[in-house]
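Here is what each chain is made of, one letter per residue.
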Amino acid sequence: MRTDTVVRLEAMNALITTLGAVDAERFISMVKRDTFDYTEWRRKLWEGKSIEEIHVLAVEHERNQGL
């Protein structure tokens, strides 16, 4: 298992590679001031959906992405 420091460095490098340095910093600032609860969001994300419904959504998403 990687240390927290390694994970942070890899995440920041991924953000900078994808967004560029300025937008990576903007993203970090947005996350810090946002009251978004990721854990609660994940709990509710698929609430009330069957595995079959989730599968259909995933297939549709994949088709739309051209994968």
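A brief look at the structure comes next.

What counts as what
- Residues numbered from 1 in each chain as written.
- Predicted model: local features only at pLDDT ≥ 70, side-chain atom pairs only at ≥ 80, totals over all residues.
- Heavy atoms only, no water.
- Helix = DSSP H or I, 4+ residues; strand = E, 2+ residues; numbered from the N terminus.
- Buried < 20%, exposed > 50% of the residue type's maximum accessible area, 1.4 Å probe, protein only.
- Lys, Arg positive; Asp, Glu negative; His and termini not counted.
- Charge placed at Lys NZ, Arg CZ, Asp CG, Glu CD.
- Patch = residues over 30% accessible without salt bridge, like charges linked within 9 Å, V, L, I, M, F, W, Y side chains within 5 Å.
- Areas by Shrake-Rupley, 256 points an atom, 1.4 Å probe, with all protein chains shown as cover.
- Salt bridge = Lys/Arg side-chain N within 4 Å of Asp/Glu carboxyl O.
- Expected span 1.5 Å × (residues − 1).

Details of the overall build of the protein chain
Now for step 1: Counting secondary structure elements, the protein chain contains four helices and zero strands.
Now for step 2: Reading the secondary structure of the protein chain in the N-to-C direction produces α-α-α-α.
Now for step 3: Once the C-alpha set of the protein chain is aligned to its principal axes, its extents read approximately 40 × 30 × 30 Å.
Now for step 4: Counting over 67 residues, the protein chain shows a buried share of 3%.
Now for step 5: Taking the 10 positively charged and 12 negatively charged side chains of the protein chain as two groups, their mean positions are separated by 4 Å.

Considering a nonpolar patch on the surface
Now for step 1: Residues L19, F27, M30 and V31 make up a contiguous nonpolar surface patch of roughly 330 Å² in combined accessible area.
Now for step 2: Counting through the fold element by element, V31 comes out in helix α2 (residues 21–33).
Now for step 3: With a relative accessible area of 48%, V31 lands in the partly exposed category.

Examining helix α4 (residues 51–65)
Now for step 1: Over its 15 residues, α4 runs 21 Å from end to end, which matches the ideal 21 Å to within 8%, given 1.5 Å per residue.
Now for step 2: Remark: G66 follows α4 within two positions and exhibits a positive phi of approximately 70 degrees.

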